[in-house]
Amino acid sequence: PAQSPSSYSLPLLLCKVFRWPDLRHSSEVKRLCCCESYGKINPELVCCNPHHLSRLCELESPPPPYSRYPMDFLKPTADCPDAVPSPAETGGTNYLAPGGLSDSQLLLEPGDRSHWCVVAYWEEKTRVGRLYCVQEPSLDIFYDLPQGNGFCLGQLNSDNKSQLVQKVRSKIGCGIQLTREVDGVWVYNRSSYPIFIKSATLDNPDSRTLLVHKVFPGFSIKAFDYEKAYSLQRPNDHEFMQQPWTGFTVQISFVKGWGQCYTRQFISSCPCWLEVIFNSR
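The model shown is predicted, which means the values in this text are computed figures rather than measured ones.

## Details of the sheet that holds strand β3 (residues 117–123)
Strands sit in the order β4-β3-β13-β12-β9-β10 across an open sheet of 6 strands; the sheet is antiparallel. In this open sheet, the two strands that pair with only one neighbour each are β4 (126–134) and β10 (213–215). Neighbour-to-neighbour, the strand axes of the sheet open up by a mean angle of 20°, direction not taken into account. Taken together, the 3 bridges between strand β9 (residues 195–199) and β10 define a ladder with antiparallel strand orientation. Each residue of the ladder has a partner; that of F196, found in β10, is K214. The strands that helix α3 (residues 163–172) touches are β3 and β12 (249–254); relative to β3, the one it contacts most, it runs at about 135°.

Right under this line is the structure:
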């Protein structure tokens with residue numbers, strides 16, 4: 001419809017009718033990058049397609065902290081401001097990419113600014129396929145063609161015979177959409193099942209244990225914030241230092257969650273999951 005004062009409320013009305021009947025305000029939804037109205041401040045036409053909007057995920061309240069570190073530890077490093085962290089926690093083991101190249105080594109190639117992140121697909125403790133370098137601002141990660149245009153997990157060779165892994169693989173479907181925007185990196189759940197996300201920039205910076213956030217189908221979450229990530233520094237504590245640093249890494253699990261609220265304590269116990277490592281430069 002042509003732009004008018006009432007045209008801005010029409011997308012909200014359609015979302016209430018077709019997607020989320022409990023929607024209260026337009027601030028609860030976010031326009032997807034696939035929409036022609038995306039990123040336009042004053043568009044001549046306002047898109048009314050309810051499936052071109054996603055609902056914003058509300059973060060859970062953190063549990064009472066068992067231990068916290070003083071804010072003095074949370075200062076940028078002066079000697080190495082662009083340091084890239086080691087690979088994400090995978091049950092206490094740092095795995096290597098194919099050919100013996102680690103994720104952090106890949107991001108430390110001098111002068112390489114062609115990608116803003118790399119994505120690795122895992123099935124339990126086994127990496128499946130090679131690292132996927134992301135150059136475009138938006139990437140679809142899905143299982144079967146033609147459910148997207150990007151990283152097709154179904155085309156990767158997997159020898160995993162676990163019935164649970166095969167069951168979860170069949171539920172990935174349209175998967176997720178990963179989008180780099182001005183304020184950070186957003187993840188949109190395009191599938192029909194929940195996804196679970198852990199990121200250092202989603203929680204209080206002085207919290208020892210990061211929460212795993214559940215994102216329902218049709219919801220979006222700002223999974224990574226560059227400004228917050230640069231302000232984080234691993235505290236100089238022996239016990240904390242034994243844990244892999246995940247400041248520039250986001251972990252995403254399909255269908256099954258992990259952490260203190262689940263029977264699976266480590267993401268390496270999840271059937272199908274992603275590791276997204278951001279280029280710190």
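Now that the structure has been shown, the text picks up again.
## Quick look at the sheet that holds strand β11 (residues 219–224)
Strand order in the open sheet formed by 7 strands is β1-β2-β11-β8-β7-β5-β6, with mixed pairing between adjacent strands. Two strands lie at the open edges of the sheet, namely β1 (29–31) and β6 (150–152), each paired on one side alone. The mean inter-strand angle of the sheet, taken between neighbouring strand axes irrespective of direction, is 30°. Here strand β2 (residues 53–56) runs beside β11; their pairing, made up of 2 bridges, is parallel.

## Comments concerning the side chain of H213
Tracing the sequence through the fold places H213 in strand β10. For H213, a relative accessible area of 0% puts it in the buried group. Here D203 takes part through its side chain, which lies 3.1 Å from a polar atom of the side chain of H213.

## Some words on α3
Within an α-helix, residues lying three or four positions from one another point in the same direction, as the helix has 3.6 residues per turn. Residues V165, V168, R169 and I172 constitute the buried set of α3. When α3 is viewed along its axis, its buried side chains cluster within an angular range of 110° and face the same direction. Opposite the buried face of α3, at more than 90 degrees from it, the exposed residues are Q163 and S170. On its buried face, α3 sits against β3, β5 (138–142) and β12.

## A short note on the nonpolar core
Counting residues in each nonpolar core, the largest one holds 43 residues, and the members touching the most others are V119, I197 and F254. Each of domain 1 (10–56) and domain 2 (117–234 + 242–278) gives at least three residues to this core. Non-local contacts of F254, meaning those with residues more than four positions away in its chain, are made with L153, V168, I172, G175, I176, P194, I195, C272 and L274. W122, L131, I267 and C270 belong to the second-largest nonpolar core, a separate cluster that totals 9 residues.

## Notes on a nonpolar patch on the surface
Together, L13, V17 and F18 make up an exposed nonpolar region whose accessible area comes to about 330 Å². Following the sequence through the fold, F18 ends up in helix α1 (residues 10–18).

## A closer look at the pairing of β2
Note: β1 against β2, 3 bridges, orientation antiparallel. The residue bridging V29 from the neighbouring strand is R55, located in β2.

About the criteria used
- Residues numbered from 1 in each chain as written.
- Predicted model: local features only at pLDDT ≥ 70, side-chain atom pairs only at ≥ 80, totals over all residues.
- Heavy atoms only, no water.
- Pairing = 2+ DSSP bridges.
- Helix = DSSP H or I, 4+ residues; strand = E, 2+ residues; numbered from the N terminus.
- Axes fitted to C-alpha atoms, helices over the stretch in contact; angles between N-to-C directions.
- Contact = heavy atoms within 4.5 Å.
- Buried < 20%, exposed > 50% of the residue type's maximum accessible area, 1.4 Å probe, protein only.
- Polar contact = N/O pair within 3.5 Å; in protein donor to acceptor, adjacent residues only side chain to side chain.
- Arc of directions from axis to C-beta.
- Core = buried A, V, L, I, M, F, W, Y, C linked by side-chain atoms within 4.5 Å.
- Domains from an automatic or database assignment.
- Patch = residues over 30% accessible without salt bridge, like charges linked within 9 Å, V, L, I, M, F, W, Y side chains within 5 Å.
- Areas by Shrake-Rupley, 256 points an atom, 1.4 Å probe, with all protein chains shown as cover.
- Salt bridge = Lys/Arg side-chain N within 4 Å of Asp/Glu carboxyl O.

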